[in-house]
Amino acid sequence: MGELKDADAVGETGNPVCGDISYIYIKVKEVDGVEIIDDISFQTFGCGAAIATSSMITELAKGMSLDDAMKIKREDVAEALSGLPPQKMHCSNLAADGLHNAIKIYREKREA
Ligand code: FES
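Report follows, based on the coordinates.

Cut-offs used in this document
Residues numbered from 1 in each chain as written. Predicted model: local features only at pLDDT ≥ 70, side-chain atom pairs only at ≥ 80, totals over all residues. Heavy atoms only, no water. Helix = DSSP H or I, 4+ residues; strand = E, 2+ residues; numbered from the N terminus. Rg over C-alpha atoms; globule rule 2.2 N^0.38 Å. Buried < 20%, exposed > 50% of the residue type's maximum accessible area, 1.4 Å probe, protein only. Contact = heavy atoms within 4.5 Å. Areas by Shrake-Rupley, 256 points an atom, 1.4 Å probe, with all protein chains shown as cover. Lys, Arg positive; Asp, Glu negative; His and termini not counted. Charge placed at Lys NZ, Arg CZ, Asp CG, Glu CD. Core = buried A, V, L, I, M, F, W, Y, C linked by side-chain atoms within 4.5 Å. Pairing = 2+ DSSP bridges. Axes fitted to C-alpha atoms, helices over the stretch in contact; angles between N-to-C directions.

Looking at the overall build of the protein chain
No. 1: Within the protein chain, the regular secondary structure consists of four helices and three strands.
No. 2: Along the protein chain, helices and strands appear, N-terminal first, in the series β-β-β-α-α-α-α.
No. 3: In terms of C-alpha radius of gyration, the protein chain reaches 13 Å, essentially the compact-globule figure of 13 Å for 112 residues.
No. 4: With respect to the three principal axes, the spread of C-alpha positions in the protein chain is 40 × 25 × 20 Å.
No. 5: When burial is assessed residue by residue, the protein chain has 40% of its 112 residues classed as buried.
No. 6: Counted over contacts in the protein chain with a minimum sequence separation of 6, partners at least 24 positions apart contribute 55%.
No. 7: For the protein chain, the computed accessible surface area is about 5,900 Å², with 50% contributed by carbon and sulfur atoms.
No. 8: In the protein chain, which carries 12 positive and 19 negative side-chain charges, the distance between the mean positions of the two groups comes to 1 Å.

Some details on the nonpolar core
No. 1: Ranked by size, the top nonpolar core spans 20 residues in total, and within it Ile24, Ile26, Ile37, Ile40, Ile57, Leu99 and Ile103 carry the most contacts.
No. 2: Counting residues per element, the ones that place at least two in this core are strand S2 (21-31), strand S3 (34-45), helix H1 (48-61), helix H2 (66-70) and helix H4 (92-111).
No. 3: When residues in this core are grouped by element, the largest group, six residues, is from H4.
No. 4: Each residue touching Ile37, except ones within four places of it in the same chain, is listed here: Ile26, Lys27, Ala61, Lys62, Gly63, Met64, Leu66, Ala69, Leu99 and Ile103.
No. 5: Residues Cys47, Ala49, Ala50 and Leu94 belong to the second largest nonpolar core, which totals five residues.

Focus: the sheet that holds S3
No. 1: With respect to topology, three strands assemble into an open sheet ordered S1-S2-S3, the strand pairing being antiparallel. This sheet does not close on itself; its edge strands, each paired only once, are strand S1 (9-14) and S3. Averaged over all pairs of adjacent strands, the angle between strand axes in this sheet comes to 20°, irrespective of strand direction.
No. 2: Against the sheet, H1 touches S2 and S3, its axis set at about 165° to S3.
No. 3: Most of the contacts of H4 go to S1, to which it runs at about 140°, and overall it touches S1, S2 and S3.

Structural notes on the pairing of S2
No. 1: Bridge count for S1 against S2 is six bridges, and the pairing is antiparallel. Among the inter-strand pairings, Gly11 is bridged to a residue of S2, identified as Ile24.
No. 2: Where S1 folds back on S2, the antiparallel hairpin that results is connected by six residues, among which Gly19 adopts a positive phi of roughly 85°.
No. 3: Alignment of S2 against S3, held across 11 bridges, turns out to be antiparallel. Across the sheet, the residue bridging to Val31 is Val34, located in S3.

On their own, these measurements won't tell you what the molecule is for.
In structure tokens, the structure reads:
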């Protein structure tokens, strides 16, 4: 939890349902030609479910290739937490979208 000072990219996501916001920080390393998430952290200004899903996604994604991390869906995060009430499913968007945004930003920077 908290800002990753030397992050390669930061994914910012706002939740249109409630106005909460989340930042996912990633640090990427290349191992045998595959880019993996070497370090990851989050700052989430939202409800308990948003904070729990943000925390869980950092655990799920750490050490994963960027391609695999892009495949993590909000349902995967909710499942890893043994489920979320239906009215809280939108909260897990912050974590999944934030991670995907961070990876997209990282790739855009690499191609620039
Ligand atoms: Fe805003 Fe859950 S109520 S993220």
